[in-house]
Amino acid sequence: MTKNRSAKGAAVGASARLLADQARAVQQHEADLPEQDAVHDMRVATRRLRAALRVLRLGKLDRRVKALQDALGAVRDLQLQIEWLRSRDAALYRSCRARLRAAKQALQRELRQWRSQTLPILLDAAADGSAPPPRNLSKLMRKRLKRMEERLEQARIRPSPRSLHAARISVKQVRYLVEVARGSLPKKVTRLESDLKTLQASLGELHDVDTRIDLVKTRPALARDQKDMRKRLGKIAAAQLTRWHEQRLIDRASSALR
């Protein structure tokens, strides 16, 4: 009985540390906003925090963190577009700068919500021991891997912007779940981390090009250039998706979770 209580107490303690560490990892970047690197790093930190919330069965707080992540994403996407347009199209550059100002204002609203409500709730849950012990990680990871496998296969067979974007989202979700739960997962699962990063990067570049194609659809020369680039990046992504399929990387990882 005493051993059971000790084990439960240790699990709760680990949950509290995970929650507090991930919440503070988000907060540490706020002072440097809206610098591009800070926006990017804080956005990544929110993804890790959301993964931790899934592990800790605190999904009720996910919506609050996702709102901040989305606001950071809107700023980050426009920053990248502005950087790309700077020497290419003055009118679109000015338009994106105007949209960026509005996105920064929206981000400030979400940051106030984060500071006044979300962050205190997270830190209080960590401090008072109310963070629940981690859920069954094997079950959660199997579910995420299965969904990722389905989406990768759809993207491999029909590589549309929509299917590739869905695959990219699943890859990110699995990657950050592996990162926050690394110490509790089999090596066959954690070994996926490098491959996940590589695939995420390729799908991310493809998504950026798709976004730019839509942005410059009224600019024939720029659109043509981006479509050519999409063909090149599409071949790289297709090769990686084929490798995941042929080497059955997800099946190998899943077998260690049964």
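Higher on the page you've got the structure.
Below is a short write-up of the structure. (Residues numbered from 1 in each chain as written. Predicted model: local features only at pLDDT ≥ 70, side-chain atom pairs only at ≥ 80, totals over all residues. Heavy atoms only, no water.)

Here we come to the packing of helix 2 (residues 36–55) against helix 6 (residues 161–180). Contact geometry for helix 2 and helix 6: axes closest at 8 Å, N-to-C directions at 75°. One element, helix 2, and the other, helix 6, form an angle in the roughly perpendicular class. Seen from helix 2, the contacting residues are Val44, Arg47, Arg48, Ala51, Ala52, Arg54 and Val55; seen from helix 6, they are Lys172, Gln173, Arg175, Tyr176, Leu177, Glu179 and Val180. Considering only residue class, the contact of helix 2 with helix 6 consists of seven nonpolar, one polar and six charged. (Axes fitted to C-alpha atoms, helices over the stretch in contact; angles between N-to-C directions. Helix = DSSP H or I, 4+ residues; strand = E, 2+ residues; numbered from the N terminus. Parallel < 35°, antiparallel > 145°, perpendicular 65-115°, else oblique. Contact = heavy atoms within 4.5 Å. Nonpolar A, V, L, I, M, F, W, Y, C, P; charged D, E, K, R; others polar.)

What follows is about the packing of helix 6 against helix 8 (residues 192–215). Direction vectors running N to C along helix 6 and helix 8 enclose 145°, while the axes themselves pass 9 Å from each other. With respect to the hand of their crossing, helix 6 and helix 8 are arranged in left-handed fashion. Mapping the contact onto sequence places Pro161, Leu164, His165, Ala167, Arg168, Val171, Lys172, Val174, Arg175, Tyr176, Val178 and Glu179 in helix 6 and Glu193, Leu196, Lys197, Leu199, Gln200, Leu203, Gly204, Leu206, His207 and Asp210 in helix 8. Its residues placed into classes, the contact of helix 6 with helix 8 shows 11 nonpolar, four polar and seven charged. (Left-handed = near helix turned anticlockwise from the far one by under 90°.)

In this structure, Leu19, Met141, Leu145, Met148, Leu152 and Trp244 are the most contacted members of the largest nonpolar core, which totals 78 residues. It is helix 4 (residues 90–127) that contributes the most residues to this core, 12 residues altogether. Sequence-distant contacts of Leu152, that is, excluding residues within four places in its chain, are made with Ala167, Val171, Leu199, Leu241, Trp244 and Ile250. (Core = buried A, V, L, I, M, F, W, Y, C linked by side-chain atoms within 4.5 Å. Buried < 20%, exposed > 50% of the residue type's maximum accessible area, 1.4 Å probe, protein only.)

What follows covers the pattern of salt bridges. Enumeration according to the criterion identifies 15 salt bridges in this entry. Note that Arg115 and Glu30 form a salt bridge whose closest N and O atoms lie 2.0 Å from each other. In this pair, Arg115 sits in helix 4 while Glu30 sits in the loop between helix 1 (2–27) and helix 2, placing the two residues 85 residues apart along the sequence. The exposure class assigned to Arg115 is partly exposed, which follows from its relative accessible area of 37%. Salt bridges sharing common partners tie together Arg48, Arg175 and Glu179. (Salt bridge = Lys/Arg side-chain N within 4 Å of Asp/Glu carboxyl O.)

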